[in-house]
Amino acid sequence: MNKGAMAPDQEQDTPLKSDSMFINLGPQHPSTHGVLRVGLTIDGEMITKAVPDVGYLHRGTSKLAEVRGYHHCVVLTDRWDYVSAMPNNLVFCLAAERLMGLNVPPRGDVLRVLMCELNRIASHLLFFGTYGIDIGAFTPFLYAFREREMILDLFEMVSGARLTYNYIRLGGVMVDVTDEWVAKCREFIEYFKPRLDEYDTLLTYNPIFMARTEKVGLIPPQTAVNWGLSGPNLRGSGVNYDVRKADPYCGYEQYDFEIPLGKTGSCWDRYFCRVSEMRQSVRIVLQALDKLAPGPVMAPGVAKVPKPQPGEAYAHVEGARGDLGIFLVSDGQASPYRMHVKAPSFMNLAILQELLVGNKVSDVIAILGSTDIVLGEVDR
Amino acid sequence: MIEYFSKVFRGAWATVAGMMVTLKYMVKPSVTVHYPTEKLVPFERFRGALLFDPGTCISCNLCVKACPSTCITLENATIPDPKNPAIKKKVAKVDWYTIDFGKCNFCRLCEESCPTKPKSVWHSLDYEVVFFSRDEMVRCWKAGTKFVGQYWDRKEKAFKDPEGQIQIQDVQARR
Ligand code: SF4
Ligand code: SF4
């Protein structure tokens, strides 16, 4: 080390203060994963203030739901978290089924779990790929998308769409899967398992990647809970909370899986939680495939225009990004009286105000990428 | 000193290990498709652009009610009442039928609700729907129009066939 260099704390006290500068990150920045603007006030290289500015993708779906029928709302939910739309469909259906008192047949439940877990893998693959790009590694992205494409093919085969599935419906699922689909899904899982080890070689334990993420963006457990984080962002800090275990839905209590936890709450821990979650999802998918017993996939007697009894219902699921909840109020009409969405991305985004302060500009993208937000869900 | 070299070694080894993964795939067949010259045919259930058959539609309005974004409009066909020709009587046929693709969600709710057999409105496998203007987004059908429909050109005041629509069934299949 150069002897003339000052210790960092002395550097702060020098009378030579640089002017603070305001820069906009986004809304068209390729690394913000959508249209997010972060107003950064920087002092030299240090960030002194960060103000996330959201709303560029606001489509008013909560308001729109008040004039749409219950079946129509499922189509709206597809547009929140467009990277993993299955949990969105599911959470609305769970809340509406609670209002209407519908019981989903067992095969329908297994298919729901199956699709949500496949979607979780697809979503985490997208994170894995784009986070690599954020840090400067392009190759993993190509591999991740190759596998993601196979999952999207599976979805296309069963539901007809690649992103906005509208597959999970009130009372069950849209259609049953064929034997051909099940065979193809098993084939994919067999193909996918060894790929996970390749990802570890390419990115997870790469020293350059680790150096850039390991001690950056630390979220202590208490802070994470205070900001209301959920999903891998919360578990990366070592807080063991997963809706699938804490409040099981769709029969998740019958599946055998673990909740991967991080230690320090750094960017790398959050990343590692997601990669480990893919392994667990693979386990759940295999169990779900074994569980598929013949039977109906749709509850009988779902009304064409449902008018549930006046009342309220809350349902939440563990989406790919965290605890996704819906509060639904019915006044006996054909459309919900009120629909409130508790979106995990929005809460995960809010912590940026605190998390970015004191970091270097070059770490902003590493931290932002590690929170894995989807702007469609933030703005709704 | 030792730490420095072990760091260098670990960095170099990670690069080599990464390259090994990459090299393994160099000899495998490519997974991409050269798009404009080579096209994928989607699966049977794929929800592409909507097609409509004015011949079989019974003008029951179910698809209009099922649509989440109200992009379908239709008008009953009428015939003059035999007793009193001044009064028009509705019949179970469509006079005209339009779908606004600018609003469409490609959600299949209209197809599912259609009671006729075969379906009068259904999703084709066409994923290359292109529009050059907003007028083109609104497809209109009348008795005798082809399944793919026509659009109203506001400037030239005429119905026109949509351009750039591929016939995906003719495309060479890969799966
Ligand atoms: S696919 Fe959906 S949005 Fe499009 S016309 Fe049919 S019901 Fe309406
Ligand atoms: S397309 Fe089908 S659902 Fe729509 S009006 Fe015609 S027959 Fe009825």
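Note that this is a predicted model, so its numbers are computed, not measured.

Colleague: Honestly, the overall build of chain A in this entry has me stumped. Any pointers?
Modeller: Within chain A, the regular secondary structure consists of 16 helices and 8 strands. On C-alpha atoms alone, chain A measures out to a radius of gyration of 22 Å, which is about the 21 Å that the 2.2 N^0.38 rule sets for 380 residues. By principal-axis analysis of the C-alpha atoms, chain A measures approximately 80 × 45 × 35 Å. Classification of the 380 residues of chain A by burial places 59% in the buried group. Nonlocal contacts in chain A, meaning residues at least 24 apart in sequence, comprise 72% of its contacts between residues at least 6 apart. Per element, the accessible surface of chain A, about 15200 Å² overall, is 57% carbon and sulfur.

Colleague: What is the right way to read the packing of helix α7 (residues 179–204) of chain A against helix α1 (residues 2–26) of chain B from this model?
Modeller: Running from amino to carboxyl end, α7 of chain A crosses α1 of chain B at an angle of 135°, the nearest separation of the two axes being 8 Å. Relative to α1 of chain B, α7 of chain A is oriented oblique. Our pair here, α7 of chain A against α1 of chain B, has a crossing hand that is left-handed. Taking contact as the criterion, the partners of R195, E198, T201 and L202 of chain A in α7 of chain A are, on α1 of chain B, A17, G18, V21, K24 and Y25 of chain B. Per-class residue counts for the contact of α7 of chain A with α1 of chain B are 4 nonpolar, 2 polar and 3 charged.

Colleague: Mind showing me how you'd approach the nonpolar core here?
Modeller: Ranked by size, the top nonpolar core spans 113 residues in total, and within it F92, Y167 and W181 of chain A carry the most contacts. Of all the elements, helix α5 (residues 106–135) of chain A adds the most residues to this core, at 14 residues. For Y167 of chain A, the residues in contact, after removing those within four places along its chain, are M86, N89, L111, M115, V158, S159, V173, M174, V175 and V177 of chain A. The next biggest cluster of nonpolar side chains, apart from the first, holds 18 residues, and it includes A49, F52, L74 and I99 of chain B.

Colleague: Explain the site of ligand 1 here, please?
Modeller: Contacts to ligand 1 come from 13 residues, most closely from C67, C104, N105, C107 and C110 of chain B. Taken together, the residues of the shell around ligand 1 break down into 9 nonpolar, 3 polar and 1 charged.

Colleague: What am I meant to see in the packing of aromatic side chains here?
Modeller: Here a ring pair, both rings aromatic, is described through the centre-centre distance and the interplanar angle of the planes. Residue and element names in this part refer to chain A. Under the definition given, this model contains 23 aromatic pairs over all chains. On the basis of an interplanar angle of 45° and a centroid distance of 6.2 Å, the ring pair of F127 and Y271 is categorised as tilted. Linking F127 in helix α5 with Y271 in helix α12 (residues 267–291), this pair joins segments that are 144 residues apart in sequence. By relative accessible area, which is 2% here, F127 ends up buried. Counting every residue linked through ring pairs, the aromatic cluster contains F127, F128, Y131, F188, F192, Y199, F209 and Y271. Lying over the aromatic face of Y252, R244 brings its terminal NZ or CZ to 6.0 Å of the ring centre.

Colleague: Explanation requested: the site of ligand 2 in the structure shown.
Modeller: Around ligand 2 sit 15 residues in total, of which C57, C60, N61, C63 and C114 of chain B are the nearest. When grouped by side-chain class, the residues that make up the shell around ligand 2 number 11 nonpolar, 4 polar and no charged.

Colleague: Is there a simple way to explain the pattern of salt bridges in this structure?
Modeller: Side-chain pairs of opposite charge can arise where the charged atoms are in close proximity. Residues and elements named next belong to chain A. One pass over the structure, following the stated rule, counts 26 salt bridges over all chains. Note that E149 is salt-bridged to R162, the shortest N-O span being 2.4 Å. Here the residue E149 occupies a position in helix α6 (residues 139–159), and R162 occupies one in the loop between α6 and β4 (168–169), the gap between them amounting to 13 residues. The salt bridge partner of E258 is R283, with a shortest N-O separation of 3.7 Å. One end of the pair, E258, is in the loop between α11 (243–246) and α12; the other, R283, is in helix α12, with 25 residues separating them in the sequence. Residue E258 is classed as partly exposed on the basis of its relative accessible area, which comes to 49%. A cluster of three or more residues bridged by salt bridges with shared partners is formed by E117, R120, R235, D242, R244, E277 and E318.

Colleague: I keep staring at unusual backbone geometry and nothing clicks. Help me out?
Modeller: The bulk of non-glycine residues show a negative phi, and the bulk of peptide bonds are trans. Here the residue pair K117 of chain B and P118 of chain B is connected by a cis peptide bond, since its omega of -5° sits within 30 degrees of zero. Inspection of the secondary structure puts P118 of chain B in the loop between α3 (109–113) and β4 (121–123). Unusually for a residue other than glycine, N166 of chain A sits at a positive phi of about 50°. Inspection of the secondary structure puts N166 of chain A in the loop between α6 and β4. Residue classification places N166 of chain A among the buried positions, given a relative accessible area of 0%. Although it is not a glycine, D372 of chain A adopts a positive phi angle of roughly 50°. We classify D372 of chain A as buried; its relative accessible area is 9%.

Colleague: Whenever I open this one, helix α4 (residues 85–100) of chain A confuses me. Can you help?
Modeller: Note: α-helices contain 3.6 residues per turn, so residues at a spacing of three or four share the same orientation. Residues and elements named next belong to chain A. The end-to-end C-alpha distance of α4 is 23 Å, a good match for the 22 Å that 16 residues give at a rise of 1.5 Å each. Extensive coverage of α4 is indicated by the burial of 14 of its 16 residues. Just downstream of α4 lies G101, where phi reads positive at about 70°.

Colleague: Explanation requested: the sheet that holds strand β6 (residues 311–318) of chain A in the structure shown.
Modeller: Neighbouring strands of a sheet are bound in pairs by backbone hydrogen bonds; such pairs are parallel or else antiparallel. All names here are of chain A. An order of β6-β7-β8 is seen for the 3 strands of this open sheet, with the pairing classed as antiparallel. Across the chains shown, the open sheet's two edge strands, defined by having one partner strand only, are β6 and β8 (338–342). Across the sheet, the mean angle separating the axes of adjacent strands is 10° when strand polarity is ignored. One ladder, built from 5 bridges, connects strand β7 (residues 323–330) with β8; its direction is antiparallel. The residue of β8 that forms the bridge with I326 is V341. Against the sheet, α4 engages β6, β7 and β8, with an angle of about 150° to β6.

Cut-offs applied
Residues numbered from 1 in each chain as written. Chains lettered and ligands numbered in written order. Predicted model: local features only at pLDDT ≥ 70, side-chain atom pairs only at ≥ 80, totals over all residues. Heavy atoms only, no water. Helix = DSSP H or I, 4+ residues; strand = E, 2+ residues; numbered from the N terminus. Rg over C-alpha atoms; globule rule 2.2 N^0.38 Å. Buried < 20%, exposed > 50% of the residue type's maximum accessible area, 1.4 Å probe, protein only. Contact = heavy atoms within 4.5 Å. Areas by Shrake-Rupley, 256 points an atom, 1.4 Å probe, with all protein chains shown as cover. Axes fitted to C-alpha atoms, helices over the stretch in contact; angles between N-to-C directions. Parallel < 35°, antiparallel > 145°, perpendicular 65-115°, else oblique. Left-handed = near helix turned anticlockwise from the far one by under 90°. Nonpolar A, V, L, I, M, F, W, Y, C, P; charged D, E, K, R; others polar. Core = buried A, V, L, I, M, F, W, Y, C linked by side-chain atoms within 4.5 Å. Near = heavy atom within 4 Å. Phe/Tyr/Trp six-rings, centres within 6.5 Å; stacked < 30°, edge-to-face > 60°. Lys NZ or Arg CZ within 6 Å of the ring centre and 35° of its normal. Salt bridge = Lys/Arg side-chain N within 4 Å of Asp/Glu carboxyl O. Expected span 1.5 Å × (residues − 1). Pairing = 2+ DSSP bridges.

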